[in-house]
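Coordinates in review
Chain by chain, the residues:
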Amino acid sequence: MRQLITSEPFLIFITIACYYIGCKINNRFHKAITNPMLIAIVLLIATLSILDIDYETYEQGSHIISLLLGPTVVALGYLLHKQIKYIRGNEKAILTAIGVGSVVGVLSVVGICMLFGCPEEIWLSMEPKSVTMPIALGISGRSGGLLALTAVVVFVCGVFGSIIGPWLLRKVGVKSRVAQGLAMGAAAHGVGTGEAMKMGQLEGAVAGMAIGLMGVATAIVVPIVELFIK
């Protein structure tokens, strides 16, 4: 029995099942708090706890899902190609927004952590909070951060951004579809891009582009910030 519940097919099944349930609940209530990813996380944690499956076992058994993340992000390039006519002419605005966003994102984390007297390894771990997981872990590892903390912060940032992002954009009056997609992808990376796809193909395409641009910008900004602070 133990061998069955720790097998790769079973772990992949419960992962998909938890997300499916999350989608059903979200379709039923259509509330920000019923975000499918958030529900899936809660259900998955509860299931793993009940079955006494540790994270290392789950990670090894469900690694194929992580591997599919790369091709999924690359596939967004096709959407970007289809929507490129809406992006032409906005190159300077997009690059400026990404540059400013990466600088503010890194400095805000460092500033808040220093204000509360957090150890250096904490803010080093949290600097790449708005970058997609593979890039964030690379930046954190190079800086000397705690990879486990980085993974948690990036994931929480993505889920929170996907929940609050659409509501906040409406409240502040952002009507440009390009700006909406850019904000979702730059602030909430992969999870935010998934939410942007629900807003429209253009928003999803721009959000996918923002993931890559934000990763490059943050990888450049972090060493510069650390050079002046350390």
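In this report, the structure presented in the accompanying data block is examined. (Residues numbered from 1 in each chain as written. Predicted model: local features only at pLDDT ≥ 70, side-chain atom pairs only at ≥ 80, totals over all residues. Heavy atoms only, no water.)

One pass over the structure, following the stated rule, counts one cavity of 30 Å³ or more. Considering only enclosed or pocket space, the largest cavity measures out at about 30 Å³ in volume. What lines the largest cavity is simply S102, G105, V106, E127, K129, S130, V131, M214 and T218. Those elements that place two or more of their residues in the lining of the largest cavity are α7 (91-115) and α12 (201-229). At three residues, α7 tops the list of elements feeding residues into the lining of the largest cavity. Split by residue class, the lining of the largest cavity holds three nonpolar, four polar and two charged. (1 Å grid on protein atoms, 1.4 Å probe; cavity = no way out; pocket = protein on both sides within 12 Å on 5 of 7 lines; lining within 4 Å. Points joined across faces, edges and corners; volume = space filled by probe spheres on them. Helix = DSSP H or I, 4+ residues; strand = E, 2+ residues; numbered from the N terminus. Nonpolar A, V, L, I, M, F, W, Y, C, P; charged D, E, K, R; others polar.)

Now for the layout of surface pockets. Approximately 2,000 Å³ is the volume found for the largest pocket. Surrounding the largest pocket, 46 residues form its lining, M37, I65, S66, L69 and F155 being those nearest its centre. Listed by contribution, the elements that provide at least two residues to the lining of the largest pocket are α2 (8-29), α3 (36-50), α4 (55-61), α5 (63-82), α9 (133-143), α10 (147-171) and α11 (177-199). Among the residues forming the lining of the largest pocket, the class breakdown is 29 nonpolar, 13 polar and four charged.

Tracing the backbone through its elements, the reader meets E127 in the loop between α8 (120-126) and α9. Looking at E127, the relative accessible area reads 2%, which means it is buried. Apart from residues no more than four positions distant in its own chain, E127 is found in contact with V106, V109, V110, S143, V222, V225 and E226. (Buried < 20%, exposed > 50% of the residue type's maximum accessible area, 1.4 Å probe, protein only. Contact = heavy atoms within 4.5 Å.)

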